[in-house]
Structures are given as C-alpha cells and as structure tokens.
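Fold and contact review
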Amino acid sequence: MLDVLVIMDPITKIKVAKDTSFAMLLEAQRRGHRIFVAGTADLSIAQGRGFVRATALSVRDDPKDWFTAHGTQSRELASFSVALMRTDPPVDAAYLHATQILSHAQREGLFVVNDPQGLRDLNEKLGALLFPQCCPPTLVSCHADELKTFVSEHGDCVLKPLDGMGGRSIFRLRAGEANVNVVLETLTDGGRLPALAQRYLPEIAEGDKRILLVEGEPVPYCLARIPQGDEFRGNLAAGGRGEGRPITERDRWIAAQVGPELVKRGMLFVGLDVIGDWLTEVNVTSPTCVRELDAQFGINIAGLLFDRIEARLSEARPQ
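Bear in mind that the values here come from a model prediction, so they are computed numbers and not experimental data.

Side note on the overall build of the chain
The helix and strand inventory of the chain stands at 8 helices and 17 strands. For 319 residues, the compact-globule formula gives about 20 Å, and the C-alpha radius of gyration of the chain, at 20 Å, lands near that figure. The dimensions of the chain, computed from C-alpha atoms along their principal axes, are 60 × 45 × 40 Å. Within the chain, buried positions represent 51% of all 319 residues. At a minimum sequence separation of 6, the contacts of the chain that also span at least 24 residues come to 66%. Summing over all exposed atoms, the chain offers an accessible surface of approximately 14200 Å²; the carbon and sulfur share of this is 51%. With 36 positive and 42 negative side-chain charges, the chain shows a spacing of 3 Å between the two charge centroids.

Next up, the structure:
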C-alpha cells in the first residue's frame, strides 16, 4: 500500500467528469493506496526537512458528492510514497517555490511526478522548440518589429504569451491588419516580455490533438479539440468540442522524437498538443483529457501511469 499525495487546485472546485487529477485519485484508491491532497501553499520546510499539510480523502465518481475529507495532518513530504504535482499554470513565483520545496524533499527520498527540476526547466511553449523538426515555423521575441516581420513573412499567424493556458490571450493575426501593433504591445508588455509567434495551421479546423505520453509511450488514442462557431481556438476551456481518435503514424513519430528526452528529464506524464502534422506545445504541469478518453474508449490511462509509478518504486526499493 502506498501513500499517494496529489498537489492540485482545490478539490472542492473541480469538474469530476473532466478532471485528470481526480482520475488519478480514483485509480490510486482503487488499487488500495491511501490518498491525500494538498495545495502549493501547504508545502513548507522546517529544520531542513520538507513538510506538507495534507488532507486524507476517500473519493467516489459522483458529480454531486465526490469526496470525503478525513482530516488534515502535517507530515514530512518524504514520508509519502509518491507526490504528483498537478496544479494548473501559471508557473509563477508560488509555483516555482513549490517545486523547489519538492526538489528538497526529493533529495530526502520522495518520488515526485513530474520531476520538479523538469517542471522548472520546461516552459510548455518553449519546450516544444527543443524538437524543431516537429514544429511549424516559430519565433519567440520581445521585439515587436521582429514579430511583425514574422507575421508579414508568413501572412497568417497565431501569437500567444509564454505563460498562458486554456487558450487565454491567443491572437490570430494576418499581415497588414490595423491592430497588429497594439496586439504586439499587449503580448510583450511593451517589449518587456517575450511572445511566441507561429505560422497559422489551417488544420486546426480538424482539431488540436492532445496526445498523452506515459513514460514516453503514447496512449493509442488522442482527444481532438475542435473549434466551434467563429472561434479559431480548439481549447476545451475556449468552447472547443472534444472528439476521441486513434493517433496517426505522424503522431507516433512525434512521440518517438519527444518521448526519450522527456523521460530523461523525469517527465512521466506529458500531454503533447499537435495540429495537423505539427507539435505546438509540450504540457508537463497538469496534462488533461484522461477522463474524456477513458469514457470514449473504455481505457484506463491513470492505470497506465500507476503501473509505471509502482514499477519505479519497486525498482528503487532495496532488495
């Protein structure tokens, strides 16, 4: 029996039918493990040891009554078998400090998924650019003139900040539009912050595919998030419709390019965003879409993850 800690956004506010962290809690409980939740503000260091104020839970797949809390306790992080770091972006100071505390506890023996150093290193937009052979033409810059030239060269582009999620603050710009300057000023905060510009991919009409990797291996089905109405963004949070599909040979090729490097960086559970044939993001903080894929295809993605967690812990256990 394991003690499983999930560091996540408040469990009182989740949508049970869509929440991947909840799927992990359900699976851990199904396997007979003890489950606990905490937020980033519940992490601390005292006398050189990492601690957490963790709430013990039992969970059930009921959208009206999905958990019972069994009390909160302060205990050493290293006393848990595994901690899953699952809070949503932004990767701000509070998030970074939480990963630093987890790195401290990791040195004391805590197994952390995903690896906190990797979470600090892999910005979800910039992480994709480690694999340029998989990506469409892309520019990251603080300079409005460089970004404007990129838009002029490619004619139709998508621009976004490096720290957004859920489709927030994503712009589609065409060369010559009157609002190009103000969009670039907004995204770069007047030249203070870098923004990402990418050639617009018309294949978005067929969906922005979320491909999940478990220890570098792709789940055989992806969730295509399809824009609705006059919206160009496929994000579910922006009103996109989710449609499950088998992954393609090109999707498998992208996974094979990306997977080994992410495993090397301690990324056990990752979500790739792929539009058409092109990788656009590598999601490492809190990849989603497990519940939708499980429901559509009768699979158990959290089960695949816990198979790997249990195998890793077994390998690390003294013989």
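Let's talk about the pairing of strand 12 (residues 208–214)
Counted residue by residue, strand 12 has 7 buried out of 7 residues, so it is predominantly covered. Residues Asp208, Arg210, Leu212 and Val214 line one face of strand 12 and the alternating positions Lys209, Ile211 and Leu213 line the opposite face, and both faces are buried. In the sheet, strand 12 pairs with strand 14 (residues 221–226) via 3 bridges, with the strands oriented antiparallel. Residue pairing in the sheet places lysine 209 in a bridge with alanine 224 of strand 14. With 7 bridges connecting them, strand 12 and strand 16 (residues 269–275) associate as antiparallel partners. Within strand 16, the position partnered with aspartate 208 by the bridge is isoleucine 275. Between the end of strand 12 and the start of strand 13 (residues 217–218), which pair antiparallel, lie 2 residues, with glutamate 215 showing a positive phi angle near 45°.

A closer look at the pairing of strand 3 (residues 43–46)
Pairing geometry for strand 3 and strand 4 (residues 49–59), over 4 bridges, is antiparallel. The residue bridging alanine 46 from the neighbouring strand is arginine 49, located in strand 4. As consecutive antiparallel partners, strand 3 and strand 4 are separated by 2 residues, and within that stretch glutamine 47 has a phi angle of approximately 50°, a positive value.

Looking at the packing of aromatic side chains
The geometry of an aromatic ring pair is captured by two quantities: the separation of the ring centres and the angle between the planes. For the structure shown, the criterion picks out 3 aromatic pairs. Here the aromatic rings of phenylalanine 36 and phenylalanine 80 are separated by 5.2 Å at their centres, their planes lie at 80°, and the arrangement is edge-to-face. Of this pair, phenylalanine 36 sits in strand 2 (residues 34–38) while phenylalanine 80 is found in the loop between strand 5 (67–76) and strand 6 (82–85), placing the two residues 44 residues apart along the sequence. Owing to a relative accessible area of 5%, phenylalanine 36 belongs among the buried residues under this scheme.

Quick word on the nonpolar core
Within the largest apolar cluster, 40 residues are counted, with the highest numbers of intra-cluster contacts made by Leu5, Leu77, Leu272 and Leu279. Ranked by residue count, the leading element in this core is helix 2 (residues 93–107), at 5 residues. Non-local contacts of leucine 272, meaning those with residues more than four positions away in its chain, are made with Lys209, Arg210, Ile211, Leu213, Ile254, Ala255, Val258, Leu279, Glu281 and Val282. In this structure, Met24, Val37, Ile301 and Leu313 belong to the second largest nonpolar core, which totals 37 residues.

A short note on the layout of surface pockets
In this model, the second largest pocket occupies a volume close to 420 Å³. Around the second largest pocket, the lining comprises 22 residues; the ones closest to its centre are Asn123, Pro161, Leu162, Asp163 and Gly164. Among the elements that make up the lining of the second largest pocket, the one with the highest residue count is helix 3 (residues 116–121) (3 residues). Here the residues of the lining of the second largest pocket are counted per class, giving 12 nonpolar, 5 polar and 5 charged.

Structural notes on empty space enclosed by the protein
Evaluation of the coordinates by the stated rule reveals 1 cavity of 30 Å³ or more. The volume enclosed by the largest cavity comes to roughly 50 Å³. What lines the largest cavity is Met24, Leu84, Met85, Arg86, Val113, Asn114, Phe269, Val284, Thr285, Pro287 and Leu305. Of the residues contributing to the lining of the largest cavity, the split by class is 8 nonpolar, 2 polar and 1 charged.

A short note on the sheet that holds strand 8 (residues 138–141)
To summarise the sheet geometry, strands pair through backbone hydrogen bonds and adopt either a parallel or an antiparallel arrangement. One open sheet accounts for 4 strands, arranged 8-11-9-10; its pairing is antiparallel. The strands lining the two open edges of the sheet, one partner per strand, are strand 8 and strand 10 (171–174). Put simply, the sheet's adjacent strands are angled 25° from each other on average, direction ignored.

What to know about the pattern of salt bridges
A complete count under the given rule lists 26 salt bridges for this structure. Among the salt bridges present, the one from arginine 245 reaches glutamate 243, with a minimum N-O distance of 3.1 Å. A residue is classified by how much of its surface remains accessible, and glutamate 243, at 28% relative accessible area, is partly exposed. Taken together, the shared-partner salt bridges connect Glu27, Arg30, Arg31, Asp307 and Glu310 into one network.

Details of the packing of helix 1 (residues 20–30) against helix 8 (residues 301–316)
Taken N-terminus to C-terminus, the directions of helix 1 and helix 8 make an angle of 60°; their axes are 9 Å apart at the nearest point. Judged by the angle between their axes, helix 1 and helix 8 are oblique. The two elements helix 1 and helix 8 meet at a crossing, and its hand is right-handed. Contacts between helix 1 and helix 8 involve Ala23, Met24, Glu27 and Ala28 from the former and Ala302, Gly303, Leu305 and Phe306 from the latter. For the contact of helix 1 with helix 8, the residue count by class is 6 nonpolar, 1 polar and 1 charged.

Thresholds, definitions, all that
- Residues numbered from 1 in each chain as written.
- Predicted model: local features only at pLDDT ≥ 70, side-chain atom pairs only at ≥ 80, totals over all residues.
- Heavy atoms only, no water.
- Helix = DSSP H or I, 4+ residues; strand = E, 2+ residues; numbered from the N terminus.
- Rg over C-alpha atoms; globule rule 2.2 N^0.38 Å.
- Buried < 20%, exposed > 50% of the residue type's maximum accessible area, 1.4 Å probe, protein only.
- Contact = heavy atoms within 4.5 Å.
- Areas by Shrake-Rupley, 256 points an atom, 1.4 Å probe, with all protein chains shown as cover.
- Lys, Arg positive; Asp, Glu negative; His and termini not counted.
- Charge placed at Lys NZ, Arg CZ, Asp CG, Glu CD.
- Pairing = 2+ DSSP bridges.
- Phe/Tyr/Trp six-rings, centres within 6.5 Å; stacked < 30°, edge-to-face > 60°.
- Core = buried A, V, L, I, M, F, W, Y, C linked by side-chain atoms within 4.5 Å.
- 1 Å grid on protein atoms, 1.4 Å probe; cavity = no way out; pocket = protein on both sides within 12 Å on 5 of 7 lines; lining within 4 Å.
- Points joined across faces, edges and corners; volume = space filled by probe spheres on them.
- Nonpolar A, V, L, I, M, F, W, Y, C, P; charged D, E, K, R; others polar.
- Axes fitted to C-alpha atoms, helices over the stretch in contact; angles between N-to-C directions.
- Salt bridge = Lys/Arg side-chain N within 4 Å of Asp/Glu carboxyl O.
- Parallel < 35°, antiparallel > 145°, perpendicular 65-115°, else oblique.
- Left-handed = near helix turned anticlockwise from the far one by under 90°.

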